[in-house]
Amino acid sequence: ATTKTEIVKKLKQVHSALSEDDVEPNSSKYPGLDALSAYLVNPKLLKHKDKEVRLFTSLCCMEIFYLYAPEPPWDSDEIIRVFEQIISQLSNLTHCHNTSQTNYAMYYHILEQLANVKIGVVLVELTRQGDENALEQLAELTRTLLTLVHKDHPQEVMNNSVAAIAACVDEFESTIPTALLDELLMCVARGPNPQGSDSTDSITAVPSYMCAYNVIKRCEDRLSFPIATLMNGLLNGDTRVMNETQISQDAVWGIVFEIHRIAPSVLTTVIGNVAAALQVEEAERRLRVVKLLGRLFYAQTSDVGVKFASCFKEWCKRVNDCEVTIRKQMARCLVKILENKPELRVAATDSLKNMLADPITDIRLEVVHNICDLASEDPAKITDELLLAVGTRVSSKSKTERKDAATGLAQIYQTHYSKPKLAPINDNEDCSIDEIIKVGMNLDDDNDNAGFTRSLSWIPKVIFESLSYSDVVDSDMRSRIIQIVDDVLLPKSLSSTARTAGVAMIISNLEKNGNAMLWLSKFLAQRAEAQAALTSYLDAREHSRTFKAGSAEFLTANVEAEEKLDTLVNKYVPLNDAKRDEILHRIHDHKDKTIFKLMASITDANHTVATRATAMDELPKRVNAIGGAASTWMKTLVRRISMGSAFNFDVINHCSMLAQECAREDEWVTSALFLEIVKLCVAAFPTVGQGNAGECFKTLTEFFSECRGLDGKSKKEAEENDIVSMLGKILATIAPAASAVDISELSKKEKAAMEKNDNMLQEDLLRMCIKDGSPEQARDAVNVMAAMVSKGEKNDEIAAFKPLMKALTAPQRLAIDNERSVAILASLTALASSAPLAFEGGGGGSSEGRGVKAIRFAYESVLMGKRGGSILNMSTDEPEDDDVPKKSAKAAKAMERQLATDRVVGAIELLVAHIRSLPKYVAKSSANISMDEGDVTSSSHVRSVFRALVGILEDDGLPPSNRDQALCKDVKSRAAIRKAAGVGLIQMCEPIKCRGDAFLDLAGWHTLSKVFVDSDAEVRAAVVENLSLMLTGQGTFAKVAPSLKFLAMVVMAADGEGFGGKSDVNGGAANIGKTSTAARAAALQCTKNLRNTCDTYLIQCKAKGKGGEQQFEQFIKPMVMPEFALPWALHMLAFRAETPIVKERSNAGANNAAFKQLKRRLKWLLDPLVQSLGNQADNISFLLRMTELVASSFECADFNTGDEDNSLKGSEGTAKLATVTRAAREVLLKFVKTDAHLTTFPGAIRIPGALFKKREGARFDAGKVDYTKERKRVASMADDDDMDMVGYENAEVEPTGSFVIDDSRDESRDMPSDIMSSPNVVKKGKKSNRRKTDWGLSPISSPIRAAPAAKVNVSFNRLDTSSSQDGSHNSFSKPAAGKGKKGKKGAGKRKKMAAAEDDTFEFGDENTENKSPKKAATGAGKKSKTMGGGKDQREEERYVKVNMGGLFAGKGNG
């Protein structure tokens, strides 16, 4: 045959003949078979150019192999040529997948022959004989068999390929060639699929991988040792192995991982070598090892982590690897282990907890994200302790980390806790009260079947505590937390009943007075303030639009509105954008009225969820034209101001109804829980329950009446859960709003029902006050009644409370031996505070009204013990109750002791409340306060109360009354009385009333400081907390600039070292923890407010010209510049018994615990003074020079109150003054960062003459102290208290504003005839009704203010030159009409009396000393002692200019 067709035809005939079963080689029947075999291996056929010729030649050869098995009729070279063609033909199966395709059957036949006849063994035999070509062809055959399989092939193709390769492998007796292993392992190394999935599903896996998988699995016994040897050689870098194999060291990691899936036993000797590579220096290799072992440990098909526990333990140590990429990989693998390997979960959890403390933020973020993602899918796979560890990251310093941690935890809580638990209630709005109680009280969490949900109940606590992040610290975090509280913890999709139960569920898991509850209540209060601020802005804007555009009135009103918008942004809704002012201006001037209507819709606390959703959707769209920043800010505005899904009027109404319903079912604990929620919300939003025509108030009053009618067991349980007291507090809060509800549209029947309900409530409240209420309940009852009385004329208020006053002051009740005297005093205290006009304390002066008698009873009978049991007739109209069981003698004695203590405390509180309700004290004006010695409104009475409370503190809490001293001598009683006296003194010294300056003399001020180091923690915490409120103008204190001597008192608020317990070096004071640090934060806020006030008044004074600047320097600045508090602090500490005496040049202070505590105390004042100016603080040199002046040129002045027993010799303080000033200098030098801080202060410094007197022969030299050397010495010292340097990151400091300077006091005595007062000063004789957000005088330099500062109106009032008793400062006010001349009468006498006490010393430049004093240019013509006089007019002008830059605001001069 010569043609292709003929050759093919002949070959087909040959193949057909050879395929017959009776063909036998070397037989006479087939003599030409040998010749045929030789002809078939002729290159003319095997390498013919036609593929069919080659195919049928290969088929014939395959038959020859079969016929001659096991000895083929060819030599080795011929066999190699045949296999080359067989391999070539087999490869065609790669693209030939089914029988319909040409030649598929013939290709498959070749494969089948290889598998069945095991023809590949021929190559194995040649290989064993050392034929390199045979080995090469064997490797090529193996590669072809592995790769020819396709996913569309029938399963037989895979089976035959595996069988063919396995036959070759099994034929090797000992060593399997590396080339054959290479083909198998490289196929395995590519993994089951190209996408990198770990799936080994035979359906989705790559066929070649599965082919190799099956070969290794089938021949595991033969392949285990050779593969392990090869892997170990590669891992160990064996040169011989590396030369033989084609596998790279990089590929070995993937091969090891895949082998674990196929034949884990192969890795028995490999894992150890892999783990050893964890210690290599090459980071890339360690990363590969970490990744490989991680995959092995977390793979679901692997138990390597359990079998090789030591390797797993060594691998876990890589969480501390120096390479970030390795630690990131560890984070991913460890979470995968949590997901897949329960048996390794404990070790993985410990490692992840360590990684949460990693110094690299990205690592911690990786861990937090992975853990939260897994917990969101299946929280049961995350241990409680690990999720708690994630909760600690909410307090991370990284803003991203804490935000992501809070978000992840909140989403887990919603998905796996709140939604599942609330689902039964959400699906059935009319569910039973039992179901609500079970969910709200978390009763199902006590069951063993509660599952993982029990470990998630703590998450809201962490979220609420995160509300401590202010906008100053982290605005994004605060916005995220607010969003979580409003929309994530309890989704909006829940029904009202479900959300109410959800709120109860959350609150029940919080500590009643814990940080979470405190921050939640503060957040709600701030939201209420923000709503008020937005309302104020909208009202101001609306008011400005009533004027003609461009008019002076319009411009003034528009500027005021823009200021209010700026305040809103600064304090509540931050806008952090470079074009902030422009954006706000464009929003303010927007023509779309709907924008402002939508904003107004969310200022009412009773708005609906739908209203909030509308505002959230519409407002950003309507301002979108201004820019993306405006839209984002509008979203923030709605989120910050509108009521969320958890705390809104709907939830509050449901809480009040559910509280009543639970009580009717005798579920008093649950009822108290719902009332606690109502109390929490109405404290911030008094009007929140007044939706639906006051339905909430109606429900609560009905509930209150029902509780008052209880008896037996129900009454006892209600008392145990404090139901009535909570209802009283709630009603007292919401009563004013309830009384303002419009009832005009109600029907007569509804009005009659409401009136009847109110009358019943009044009767219950009255009975609570006079018969069966506790002191706290009685106080709340009075507050409710006061709130419900319409505030009108004086006579109307008196008439409304006349029955109550008559009942309270009845003879049988206003008596010492009355067991209800404490409740009576509490009622009178509340009445004096909330309805002072009805108390009859003012007006008639000497008239013996019932209020007057009550005050005389409290002061003369209870406190002083001057009168008998009652100052009234002792006859009684009520018979004694014979049903009251008799008490044992011991119980009666304890009750008598408690009654005496509570009675004294009640009397103090009543006296303090009465005095606080009196008009502001102004020394000269008799129109405001009576001078009658017998009148309880007179200054002599007020002074007597001050002296009595000071005396109580001097006597360590013993009351003045001899009758009560024996009963109140125990520790607990004296502590309670000290607490009442200390708090009372601070409250009576409120800045707005000026009594602290008039009646608390210097000795009393020192005595008051003793209670700030009280050994009882409750006492100390109470007085420190009240001082904080005074400094910040919060609570019952108005936002009026406090006296600097009270700012100085913050030094006594510092705790000793450690936590808890008492500190001897701190005067035996009990440590009060956060209350102490809160006082330092309050001092910082007060300092900032005082600076703003200083700046504001400076601008106003400048507008008055040179005279105004001089007035500012001489009178306003010493009164409000916080640095002038330092002399008061030095004076106080110098007279403290625990202050040590440390010589100036000695090193004794370094290890002296008392000296360290002294420095710690000074930090509580100096740290706010310096840190309030940030990194650019320029007041350090001023403070240093003031300290050195006191140390070198002054000694403490004597002071007394006319009582020799209370007199203090100045020498007592002078002995320790050097130590105190040294401590202050060392503290200040710690703040020095640059040499500029040590530059000598060029201006004048004033030292209060009431505190210090010039030392005889003293000479001050500013250059005497080598501050550079001293600074180095102090810097080398160990920090006394690292905790003090933490700063205020976690302290909640409100945005700064400015104070009002009260116009009736000043710290200096030298006053000109004209002095400035605030335009917003509180008028005399009128009750202050300031909102908590009103800071009085707003800063003038507002960023969006359009009007110039020069147009600010500043009024100058005539100054009163009379001195206070201790000479600490004077008061100034407008004199009464027509009494201008009379006002000067007696001034000379007073001037002489106080001259020695209240001289003010001025110090100019350091080189001008002991010059002749000159008279100050003041209206009173009083002399002022100076060092460095003789200045000419130019020097005087320079002095004023220098002091303009001495405001320490970092702004340069003036």
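Further remarks concern the overall build of the protein chain. Across its full length, the protein chain carries 60 helices and nine strands. Across the 1454 residues in the protein chain, those meeting the buried criterion constitute 56%. Taking as baseline every contact in the protein chain between residues at least 6 positions apart, the subset at least 24 positions apart corresponds to 75%. Accessible surface computed for the protein chain: about 61300 Å², of which carbon and sulfur atoms make up 49%.

This part is about the packing of aromatic side chains. All chains considered together, the criterion is met by eleven aromatic pairs. Taking the centre distance of 5.0 Å and the plane angle of 90° together, the rings of F297 and F312 count as edge-to-face. With F297 in helix α16 (residues 283-298) and F312 in helix α18 (residues 309-316), the pair connects residues that are 15 residues apart, well separated along the chain. For F297, a relative accessible area of 0% translates into the label buried. Ring plane angle 80° and centroid distance 5.6 Å describe the contact between F1124 and F1182, whose orientation is recorded as edge-to-face.

Attention shifts here to the pattern of salt bridges. Using the criterion set out here, one finds 58 salt bridges in the structure. A salt bridge links E171 to R128; the shortest N-O distance between them is 3.8 Å. Note that E171 is positioned in helix α9 (residues 155-171) and R128 in helix α7 (residues 121-128), a separation of 43 residues in sequence. Among the charged side chains, a salt-bridge network with shared partners connects D486, D487, R527 and R612.

Attention shifts here to helix α32 (residues 609-622). Two residues of an α-helix separated by three or four positions point the same way, owing to the 3.6 residues in each turn. The end-to-end C-alpha distance of α32, which contains 14 residues, comes to 20 Å, matching closely the 20 Å that a straight helix rising 1.5 Å per residue would cover. All of the buried residues in α32 are R612, A615, M616, L619 and P620. Buried residues along α32 sit against α26 (471-488), α31 (593-601) and α33 (628-641).

Where two cysteines share a covalent bond between their sulfur atoms, that bond is called a disulfide. This structure, assessed with the given rule, holds zero disulfides. No disulfide involves C681; its sulfur sits 7.2 Å from that of C655, the nearest cysteine.

Here we come to the side chain of E1123. Here E1123 shows up in the loop between α53 (1106-1120) and α54 (1126-1134). Exposure remark for E1123: the relative accessible area of 0% places this residue in the buried category. A distance of 2.6 Å separates a polar atom in the side chain of E1123 from a polar atom in the side chain of N1179.

Let us look at unusual backbone geometry. Cis geometry marks the peptide bond from A69 to P70, where omega comes out at 5°. As for its placement among the helices and strands, P70 is situated in the loop between α4 (51-68) and α5 (76-90). The phi torsion at N103 lies on the positive side, around 65°, for a residue other than glycine. Within the secondary structure, N103 sits in the loop between α5 and α6 (104-117).

This next bit is on the nonpolar core. L90, L114, M231, W315, L1008, F1012 and L1166 are the most contacted members of the largest nonpolar core, which has 385 residues in total. Discounting chain neighbours no more than four positions away, the residues touching L1008 are L953, G982, L985, I986, L1000, F1046 and M1049. Y572, I595, I602 and L637 belong to the second largest nonpolar core, which has 32 residues in total.

With that out of the way, let us pick up the environment of N92. With respect to the helices and strands, N92 occurs in the loop between α5 and α6. The class for N92 is buried, based on a relative accessible area of 18%. It is 9.8 Å that separates the C-alpha atoms of N92 and T144, two residues lying 52 residues apart in sequence.

Looking at where V1040 falls in the secondary structure, it is placed in the loop between α50 (1017-1032) and α51 (1044-1048). Residue V1040 is classed as buried on the basis of its relative accessible area, which comes to 1%. Along the chain, V1040 and M1030 lie ten residues apart, while their C-alpha atoms are 8.8 Å from each other.

With that out of the way, let us pick up the packing of α5 against α7. When two helices pack together, their arrangement is captured by the angle between the axes and the distance separating the axes. Two numbers describe how α5 lies on α7: the axes approach to 11 Å, and their chain directions differ by 140°. One way to sum up the angle between α5 and α7 is to call them oblique. α7 is crossed by α5, and the crossing has left-handed handedness. Residues S76, I79, I80 and F83 of α5 pack against V122, L123 and L126 of α7. Partitioning the contact of α5 with α7 into residue classes produces six nonpolar, one polar and no charged.

A few words on the confidence of the model for the protein chain. Per-residue pLDDT for the protein chain has a mean of 79; in total, 78% of the residues score no lower than 70. Below pLDDT 50 for its whole length, residues 446-452 participates in nine contacts with residues either more than four positions away or in separate chains. This stretch, residues 1304-1454, has a pLDDT under 50; its non-local contacts, to residues over four places away or in other chains, come to 372 contacts.

Relative to the elements of secondary structure, V862 occurs in helix α43 (residues 850-863). Residue classification places V862 among the buried residues on the basis of a relative accessible area of 0%. A C-alpha to C-alpha distance of 9.2 Å links V862 and P960, two positions 98 residues apart in sequence. What V862 contacts, discounting residues up to four positions off in sequence, is I816, F857, R903, V904, A907, S961, R963 and D964.

The rules behind each value
Residues numbered from 1 in each chain as written. Predicted model: local features only at pLDDT ≥ 70, side-chain atom pairs only at ≥ 80, totals over all residues. Heavy atoms only, no water. Helix = DSSP H or I, 4+ residues; strand = E, 2+ residues; numbered from the N terminus. Buried < 20%, exposed > 50% of the residue type's maximum accessible area, 1.4 Å probe, protein only. Contact = heavy atoms within 4.5 Å. Areas by Shrake-Rupley, 256 points an atom, 1.4 Å probe, with all protein chains shown as cover. Phe/Tyr/Trp six-rings, centres within 6.5 Å; stacked < 30°, edge-to-face > 60°. Salt bridge = Lys/Arg side-chain N within 4 Å of Asp/Glu carboxyl O. Expected span 1.5 Å × (residues − 1). Disulfide = S-S within 2.5 Å. Polar contact = N/O pair within 3.5 Å; in protein donor to acceptor, adjacent residues only side chain to side chain. Core = buried A, V, L, I, M, F, W, Y, C linked by side-chain atoms within 4.5 Å. Axes fitted to C-alpha atoms, helices over the stretch in contact; angles between N-to-C directions. Parallel < 35°, antiparallel > 145°, perpendicular 65-115°, else oblique. Left-handed = near helix turned anticlockwise from the far one by under 90°. Nonpolar A, V, L, I, M, F, W, Y, C, P; charged D, E, K, R; others polar. pLDDT = per-residue confidence, 0-100.

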